[in-house]
Amino acid sequence: QVQLVESGGGLVQAGGSLRLSCAASGRSSYTRAWFRRAPGKEREFVAGISWTGGNTYYADSVKGRFTISRDNAKNTVYLQMNSLKPEDTAVYYCAASSSTYRDSAASYPYWGQGTQVTVSS
């Protein structure tokens, strides 16, 4: 099984930045994605990237602010989060799939445990 470990979460002021990392062990997947779950809300798609092709996808709410990237050699995907807003506060999860890109959480069989991102106002 693919093991995913997120890191980089923390507390940041609105307008600040954080970079999340997701290190994977085991076989590589075709698609990596970031999802988030805010209190009282369902898990939602944030950004995705095809592992070999490098095509990126973003939720409208984070376009222009977040950047997803990957380092194939390290089996690591990153989420650079800039201009953070209080509404970005959530637990962020790294997900992986051997299938093609999808923005539905149900499409991803592999998940990390999540890392808390808190944006103060």
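Only a predicted model underlies this, so the values are computations on that prediction, with no experimental measurement involved. (Residues numbered from 1 in each chain as written. Predicted model: local features only at pLDDT ≥ 70, side-chain atom pairs only at ≥ 80, totals over all residues. Heavy atoms only, no water.)

Q: I keep staring at the environment of S61 and nothing clicks. Help me out?
A: Following the sequence through the fold, S61 ends up in the loop between β6 (56-58) and β7 (66-71). Considering only alpha carbons, one finds S61 and A90, 29 residues apart in sequence, at a separation of 14 Å. (Helix = DSSP H or I, 4+ residues; strand = E, 2+ residues; numbered from the N terminus.)

Q: It is not clear to me how the side chain of D88 should be interpreted in this structure. Could you clarify?
A: Here D88 shows up in the loop between β8 (76-81) and β9 (90-97). In this structure D88 comes out as buried when scored by relative accessible area, which is 1%. Within the local environment of D88, its side chain forms a polar contact with the side chain of R36, the two groups lying 2.8 Å apart. The residues touching D88, leaving out its near neighbours within four places in the chain, are R36, R65, F66, S83, V117 and V119. (Buried < 20%, exposed > 50% of the residue type's maximum accessible area, 1.4 Å probe, protein only. Polar contact = N/O pair within 3.5 Å; in protein donor to acceptor, adjacent residues only side chain to side chain. Contact = heavy atoms within 4.5 Å.)

Q: Help me understand the pairing of strand β11 (residues 115-120) in this model?
A: Regular strands have side chains that alternate between both faces of the sheet. Judged by which residues are buried, β11 turns out to be one-sided: T115, V117 and V119 face inward and are buried, whereas Q116, T118 and S120, on the alternate face, are not. Two elements, strand β2 (residues 10-13) and β11, share 4 bridges in a ladder whose sense is parallel. Among the inter-strand pairings, L11 is bridged to a residue of β11, identified as T118. (Pairing = 2+ DSSP bridges.)

Q: Any chance you could explain the sheet that holds β8 here in plain terms?
A: Sheet strands pair by backbone hydrogen bonding; their relative direction is either parallel or antiparallel. Read from one edge of the open sheet, 4 strands run β1-β3-β8-β7, paired in antiparallel fashion. Taken across any chain shown, the strands that pair with only one partner, and hence form the sheet edges, are β1 (3-7) and β7. Across the sheet, the mean angle separating the axes of adjacent strands is 15° when strand polarity is ignored. (Axes fitted to C-alpha atoms, helices over the stretch in contact; angles between N-to-C directions.)

Q: I'm lost on the state of the cysteines in this one. Help?
A: A full pass over the atoms with the stated rule returns 1 disulfide. The side chain of C22 participates in a disulfide bridge whose partner is C94; the two sulfur atoms lie 2.0 Å from each other. Looking along the S-S bond of the C22-C94 disulfide, the torsion reads about -85°, which is the left-handed sense. Pair noted here: C22 is in strand β3 (residues 18-25) and C94 is in strand β9, with a separation of 72 residues, a long-range link. Both residues of the pair, C22 and C94, belong to the buried class. (Disulfide = S-S within 2.5 Å.)

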